[in-house]
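Analysis of the macromolecular model
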Protein chains: 2
Amino acid sequence: MPERGTILSVVHNCNNVRDLKDDIACEIMYKFFVNNIWVGVVSKKDAHLIQDVSDAQKIPPLVISSIKKTITFSNWCDTRKKRSDAMATVLLQLREANTCEPLSKWRNELYLVGGDTSVSDGVFFELERAAAEVFGVRTFGVHVNGITVSNAGKVCMWVGRRSLSKQKWPGMLDQIAAGGIGNGVGVWDSMIKECDEEANIPSKISQKAKYAGTIQYFTRTEVGMQPETQFVFDLVLPEKFVPTPKDGEVDTFYLWTLDEVIDKIKQNQFKPNCAMCIVDFLIRHGNLTPENEPDYLEIIDNLHCSFEFPAPRSFTAV
Amino acid sequence: MPERGTILSVVHNCNNVRDLKDDIACEIMYKFFVNNIWVGVVSKKDAHLIQDVSDAQKIPPLVISSIKKTITFSNWCDTRKKRSDAMATVLLQLREANTCEPLSKWRNELYLVGGDTSVSDGVFFELERAAAEVFGVRTFGVHVNGITVSNAGKVCMWVGRRSLSKQKWPGMLDQIAAGGIGNGVGVWDSMIKECDEEANIPSKISQKAKYAGTIQYFTRTEVGMQPETQFVFDLVLPEKFVPTPKDGEVDTFYLWTLDEVIDKIKQNQFKPNCAMCIVDFLIRHGNLTPENEPDYLEIIDNLHCSFEFPAPRSFTAV
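Residues numbered from 1 in each chain as written. Chains lettered and ligands numbered in written order. Predicted model: local features only at pLDDT ≥ 70, side-chain atom pairs only at ≥ 80, totals over all residues. Heavy atoms only, no water.

1. Remarks on the overall build of chain A
Inclusion rule: Each helix is a run of DSSP H or I of at least 4 residues and each strand a run of E of at least 2, with the numbering of both proceeding from the N terminus. Throughout, the radius of gyration refers to the C-alpha atoms, and the reference size of a globule is 2.2 Å times the residue count to the power 0.38. Under the scheme applied here, a residue whose accessible area is under 20% of the maximum for its type counts as buried, over 50% as exposed, and between as partly exposed, the area being computed with a 1.4 Å probe on protein chains only. We call two residues in contact when some of their heavy atoms are within 4.5 Å.
A tally of helices and strands in chain A yields ten helices and 13 strands. Over its C-alpha atoms chain A spans a radius of gyration of 20 Å, differing by no more than 12% from the 20 Å that the globule rule assigns to 318 residues. By its C-alpha atoms, chain A is 70 × 40 × 35 Å across when sized along the principal axes. When the 318 residues of chain A are sorted by exposure, 58% land in the buried category. In chain A, the share of contacts with a sequence separation of at least 24, taken over all contacts with a separation of at least 6, comes to 66%.

Structure representation (structure tokens):
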């Protein structure tokens, strides 16, 4: 275990799944397949809850095998629409039963589950966002590092404090803007949308953001599994621009030096994946180096976890 | 297989080891352990060549197990010095026997093999550079993206053509400067040294280089295995500065637009790991995006391969 308060402990805190193979071997986790493609992992407990609801349908849409330790769609769910509709029915009933905690945070937002090589966008089906961690499917989002650069080259970073009313991670520190990619909104448009909604950044400014790659990590929460990919953007803001909360997701914005930001990261004040995104920024811009950070190589490994699960080929068409 | 001429085909060409587990299962590859830590892979053919030379010593320093499919040091090789000396003796004799092709390209340069948690620098032993791919141990290097930025913000990149007399990849395109980290030279000092030796860049310029993370890939060549980590630097050069060959490793330097560089990458004119390093640059600086590059996510995965083999904790002390 890395020492508490180190950068490595913070990235381990987010990329915290090390024992998936063991959990599958011990039958704590079931593999979720669509058309023989492995797309996610479901806890044994949730697999049984899901199966109870599925079996109560006239024609059950899902099949759980306690011999193979798998969950799959029934053969009749053979199109994107049939899978999406069947899944929606199951999840709504499961939500009403109030037995599966993540579904109490229903979002009314659809995520795409990829892996279908027979269609151009690679999408198998759509899934209510709150259920993504129940099925342990890959999810995708955008994270924006909002910075200012003085004439002398000094970099400061805008940091948001999440509203206390947020469903997840209330009160913790966050990027200037970030959010999941769902509902058929593409990557770039998701970034523009989140900049507007979370920080009141007009598109004439946000469209100056630059793609800077991705971070990728596998998080286990108390209730589920999250193999996530975040598309990362750096956005240099005019020094006079001040972001303001708009949709109520953020309470306050702070403009801090990178040293102040690093201190807060080490104090675990950031939502874990936001800390990851800033650590990636610090690596890409040469603030963390092999000379000042003994865990340099291991930190980078943790920013780029690899998954066996496929991704959709496109996020734009639902 | 990705289509020829795509960026993905180029990164796959470098990160080309997909079947290591199968090769180990089929006994084509033997695992190389030091003190029960897995540090590399050796082909069955080379393992037998090495063993023949080891067994000819008065006290054999290496043990090959055809039951366990492993190669290890003998118990008496229990210090860094004993392991390094014993390995040097074996390799010099193997080189004289002229049976192991990589050793014909002897470099007189020592690489560090890491994984020893009982010492502060984590180093198990030193190994002649030419033998690194025979033992399939992790190696480390520096790669420098040398660029110019016009007042209007237009970025061009300096590219070197490797000398026809280079032992490896003669005549192919290369970074402005790059090289392996060996002989107790640290990461930063290796970068300064390569900039001077390969491109005649004075240290007052090269010390303005910025760390930009790492790329990591596992390459199988005709003769061996290379799990490599490259520390990546971006160096903005004065527009009037012209790099010139100094140590004969480079024949000519070209200053190209990024579009010209991308064309040469797709034409497979770059040494594979140099192409990887530029692709990483294009990802980090937003030239490749999910909108203009359909293989965006898979390309990034291939730039950040993960290894089970440990790294040294320090490169500076031999």
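2. Digging into the domain arrangement of chain A
Interface size is often expressed as the accessible area that is lost when the parts come together. All names here are of chain A. The criterion, for reference: Domain ranges listed in this record stem from an automatic or a database domain assignment. Summed over both partners, the accessible surface that disappears when two parts come together, traced with a 1.4 Å probe, is what is meant by buried area. Every case where a carboxyl oxygen of Asp or Glu lies within 4 Å of a side-chain nitrogen of Lys or Arg is listed as a salt bridge. Nitrogen and oxygen atoms within 3.5 Å of one another constitute a polar contact, given that in protein one can donate a hydrogen and the other can accept it, and given that sequence-neighbouring residues count only through two side-chain atoms.
Once the domains are mapped, chain A shows domain 1 (7-15 + 139-303) and domain 2 (20-135). With both chains or domains summed, domain 1 and domain 2 bury close to 1,400 Å², and 49% of this area falls on carbon and sulfur atoms. By the criterion of area lost to domain 2, the three top residues of domain 1 are Q167, V223 and M225, representing 39% of everything that side buries. Between K168 and E133 there is a salt bridge, with its nearest N and O atoms 2.6 Å apart. Linking domain 1 with domain 2 are four residue pairs in polar contact (both at pLDDT 80 or more), by the criterion used here.

3. Some words on the pairing of strand β10 (residues 177-180) of chain B
All names here are of chain B. The following threshold applies: When DSSP finds at least two bridges between two strands, those strands are taken to pair.
Across the two faces of β10 the burial is the same, with A177 and G179 and A178 and G180 all buried. Sheet analysis places strand β7 (residues 139-149) next to β10, joined by four bridges and oriented antiparallel. Directly across from G141, in β10, lies its bridge partner G180.

4. Description of the pattern of salt bridges
Enumeration according to the criterion identifies 34 salt bridges over all chains in this entry. Of the charged contacts, one joins D19 of chain B and R220 of chain B as a salt bridge, the two residues approaching to 2.9 Å between their closest N and O atoms. With a gap of 201 residues between them, D19 of chain B in the loop between α1 (7-14) and α2 (20-25) and R220 of chain B in strand β11 (residues 210-220) connect regions that are remote in the sequence. Owing to a relative accessible area of 31%, D19 of chain B belongs among the partly exposed residues under this scheme. Between R129 of chain B and E109 of chain B there is a salt bridge whose closest N-O contact spans 3.1 Å. On the criterion of sequence distance, the pair formed by R129 of chain B in the loop between β6 (123-128) and α5 (132-135) and E109 of chain B in the loop between α4 (80-97) and β5 (110-114) is long-range, its members being 20 residues apart. The network of salt bridges with shared partners includes D19, D23 and R220 of chain A.

5. As for the pairing of strand β2 (residues 37-43) of chain B
Residues and elements named next belong to chain B. Counting buried positions along β2 gives five out of seven residues, so the element sits mostly inside the fold. In terms of strand pairing, strand β1 (residues 29-34) meets β2 through six bridges, oriented antiparallel. When the bridges of β2 are listed, F32 appears paired with G40. In textbook terms, the turn of a hairpin is the stretch between consecutive antiparallel strands, and for β1 and β2 this stretch comprises two residues, one of which, N35, has a positive phi near 45°.

6. What to know about the interface of chain B and chain A
As a reminder, the rule being used: Polarity classes work like this: nonpolar for Ala, Val, Leu, Ile, Met, Phe, Trp, Tyr, Cys and Pro, charged for Asp, Glu, Lys and Arg, and polar for all others, with Gly in that last group.
In this complex, chain B contributes 29 residues to the contact, which on the side of chain A involves 29 residues. Summing both partners gives a buried area of about 2,200 Å² for chain B against chain A, and 56% of it is carried by carbon and sulfur. Three residues stand out in chain B for area buried against chain A, namely Y211, L297 and H304 of chain B, and they jointly supply 26% of the buried area on that side. Salt-bridge contacts for R313 of chain A lead to D295 of chain B; the nearest nitrogen and oxygen are separated by 3.4 Å. With six residues, β11 of chain B is the largest single contributor of residues to the side of chain B that touches chain A. Per-class residue counts for the side of chain B that touches chain A are 13 nonpolar, eight polar and eight charged.

7. So, the relation of the copies chain B and chain A
We apply this condition: Superposing the copies works by least squares over the C-alpha atoms of residues that have pLDDT at least 70 in both of them.
Mapping chain B onto chain A leaves a residual RMSD of 0.0 Å; the transformation is a rotation of 180° accompanied by 0.0 Å of translation along its axis. Interpreted geometrically, this transformation is the action of a two-fold axis. When each C-alpha of chain B is compared by its distance to the rotation axis, H304 of chain B comes out closest, at 3.2 Å.

8. Here we look at the environment of S74 of chain B
Residues and elements named next belong to chain B. Looking at the element boundaries, S74 is found in the loop between β4 (70-73) and α4. Looking at S74, the relative accessible area reads 11%, which means it is buried. Sequence spacing of S74 and T219 is 145 residues, and the spatial spacing of their C-alpha atoms is 29 Å. The contacts of S74, once residues within four sequence positions are left out, are P60, P61, L62 and V63.

9. Some details on the environment of N15 of chain A
Residue and element names in this part refer to chain A. Structurally, the position occupied by N15 is in the loop between α1 (7-14) and α2 (20-25). Residues N15 and K154, 139 residues apart in the sequence, show an inter-C-alpha distance of 30 Å. Sequence-distant contacts of N15, that is, excluding residues within four places in its chain, are made with Y217, F218, M276, N302 and C305.

10. What to know about the sheet that holds strand β3 (residues 62-65) of chain B
Residues and elements named next belong to chain B. The condition that has to hold: The axes are straight lines fitted to the C-alpha atoms, using for helices just the contacting stretch, and the angles between their N-to-C directions are given from 0 to 180°.
Ordered by their spatial adjacency, four strands build an open sheet running β2-β1-β4-β3, and the pairing between neighbours is mixed. Looking at strand neighbours, the two that pair on one side only are β2 and β3, the edges of this open sheet. If you compare each strand with its neighbour and ignore which way they point, the axes differ by 25° on average.

11. Considering the state of the cysteines
Put simply, the rule is: Cysteine sulfur atoms are paired as a disulfide whenever they come within 2.5 Å of each other.
Scanning the entire structure with this criterion turns up zero disulfides over all chains. The structure places no disulfide on C14 of chain A, whose sulfur is separated from the nearest cysteine sulfur, that of C274 of chain A, by 8.9 Å.

12. Quick look at unusual backbone geometry
The bulk of non-glycine residues show a negative phi, and the bulk of peptide bonds are trans. Even without being glycine, N35 of chain B reaches a positive phi, approximately 45°. Within the secondary structure, N35 of chain B sits in the loop between β1 and β2.

13. Section: the packing of aromatic side chains
Selection criterion: Centres within 6.5 Å make a pair out of two Phe, Tyr or Trp rings, where for Trp the six-membered ring is used; the pair is then stacked when the planes are under 30 degrees apart, edge-to-face when over 60, and tilted otherwise.
On inspection of all chains with the given rule, the structure shows 30 aromatic pairs over all chains. Arranged with centres 6.0 Å apart and planes meeting at 20°, the rings of Y296 of chain A and F231 of chain B form a pair that is stacked. Of this pair, Y296 of chain A sits in helix α10 (residues 296-303) while F231 of chain B is found in strand β12 (residues 225-236), placing the two residues in two different chains. Take Y296 of chain A: its relative accessible area is 2%, and that puts it in the buried class.

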